[in-house]
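Listed here are the chains, written in short residue letters.
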Amino acid sequence: MSVSTRPAIYTCLVSHVRTAPTRYRLRLRTYMWLTDPDRPPRLPLLLRPLAGFDARDHFGGGSPTIRAGLDAFLASRGVDLAGGPVTMLAHARVFGHVFNPLSLFWCHGPDGAPVCVVAEVHNTYGERHCYLLRPDDSGKAVVDKEFYVSPFFPVDGGYTMRVPEPGERLSLTVHLDRQGGRPFTATVRGERRPATARSLLRTALRHPWSTAVVSAGIRLHGIRLYLRGLPVRPRPRHRPQEGVK
């Protein structure tokens, strides 16, 4: 099985829908990159501030490359890709700034067969956590929640994720499942664009400083929810994972 690792850009609509304890919707437009973490795109010098990929932004930042960080995390979970290909969906650094609420790594064996998916989650407190997923043929995986993300939800329940590897379209869904219902759903829908200099420049002009906009947007909507009276849940002490220092 052949796995394409040719870089691409996805222009995205991100939606967060809360149904409890109050109804609320957040919608943001941004763009994300699909690329090989071993071989990120080489851009013309003048465009490099618009798309940087740095090992410091993933897996604790202590590995020499993003792929090395991924392999260390997988090794801590007993998974060896034996050099098989990986595709990464993430925000790139824009003018030195990046915020990745969710990065995904589709991991394959040497023959190209899917092995697992790693979902790396960052919260607005500078913390991160990785989930090892074993999706079914439809891209669906279920995992226990282990990480504090929203200040309005405790660390309980679990996630039902649909994370099919993107093609011409990107379609991701994350449901938070808690006792008594499904109070939160996040979706990412996107369309593929070629990762050319012209396409990047056009996209960056349409969504300037996109990672800062996403970070600020999440914080702004958090303030609005707080002003509506939603109680803030205590944030437990975060313990970095083995392989994610």
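Please refer to the structure higher up on the page.
The structure reproduced in this document is the subject of the present report. (Residues numbered from 1 in each chain as written. Predicted model: local features only at pLDDT ≥ 70, side-chain atom pairs only at ≥ 80, totals over all residues. Heavy atoms only, no water.)

Some details on the nonpolar core
In terms of nonpolar packing, the biggest core is built from 32 residues, with Leu89, Leu104, Tyr131, Leu133, Met161 and Leu172 touching the most fellow members. Among residues more than four places away in sequence, those in contact with Leu133 are Cys116, Val117, Ala119, Ala141, Val143, Met161 and Val163. In this structure, Leu50, Leu70, Phe73 and Met88 belong to the second largest nonpolar core, which totals 28 residues. (Core = buried A, V, L, I, M, F, W, Y, C linked by side-chain atoms within 4.5 Å. Buried < 20%, exposed > 50% of the residue type's maximum accessible area, 1.4 Å probe, protein only. Contact = heavy atoms within 4.5 Å.)

Considering helix H1 (residues 66–76)
Taken residue by residue, H1 has Ile66, Arg67, Gly69, Leu70, Phe73 and Leu74 as its buried positions. Down the axis, H1 shows its buried residues gathered within 160° of arc, on one side only. Phi turns positive one or two residues past the end of H1, at Gly78, with a value near 80°. (Helix = DSSP H or I, 4+ residues; strand = E, 2+ residues; numbered from the N terminus. Arc of directions from axis to C-beta.)

Side note on the side chain of Thr203
For Thr203, the position within the fold is in helix H2 (residues 197–206). In this structure Thr203 comes out as buried when scored by relative accessible area, which is 6%. Dropping the residues within four chain positions of it, Thr203 is found in contact with Ile9, Thr11 and Tyr31.

Some words on the sheet that holds strand S10 (residues 181–194)
Read across the open sheet, the ten strands follow the order S6-S5-S4-S3-S2-S1-S10-S9-S8-S7; overall the sheet is antiparallel. Each of the sheet's edge strands pairs with one partner strand only, and the pair in question is strand S6 (128–133) and strand S7 (140–144). Adjacent strand axes in the sheet meet at a mean angle of 20° when their direction is disregarded. Where strand S5 (residues 114–122) and S6 come together, six bridges link them in antiparallel fashion. Directly across from Val117, in S6, lies its bridge partner Leu133. (Pairing = 2+ DSSP bridges. Axes fitted to C-alpha atoms, helices over the stretch in contact; angles between N-to-C directions.)

Side note on the environment of Asp144
Here Asp144 is to be found in strand S7. Using a relative accessible area of 56% as the deciding quantity, one classes Asp144 as exposed. A C-alpha to C-alpha distance of 9.0 Å links Asp144 and Tyr131, two positions 13 residues apart in sequence. Beyond its immediate sequence surroundings of up to four residues, Asp144 is in contact with Tyr131, Gly157 and Gly158.

Description of unusual backbone geometry
Across the junction of Ala20 and Pro21, the peptide omega takes the value 0°, indicating a cis bond. Structurally, Pro21 can be placed in the loop between strand S1 (8–18) and strand S2 (24–35). In this structure, Ala82 takes a positive phi of about 55° despite not being glycine. Take Ala82: it is sitting in the loop between H1 and strand S3 (86–90). One non-glycine residue, Trp209, lies in the positive phi region at around 50°. Examined against the element boundaries, Trp209 turns out to sit in the loop between H2 and helix H3 (210–227).

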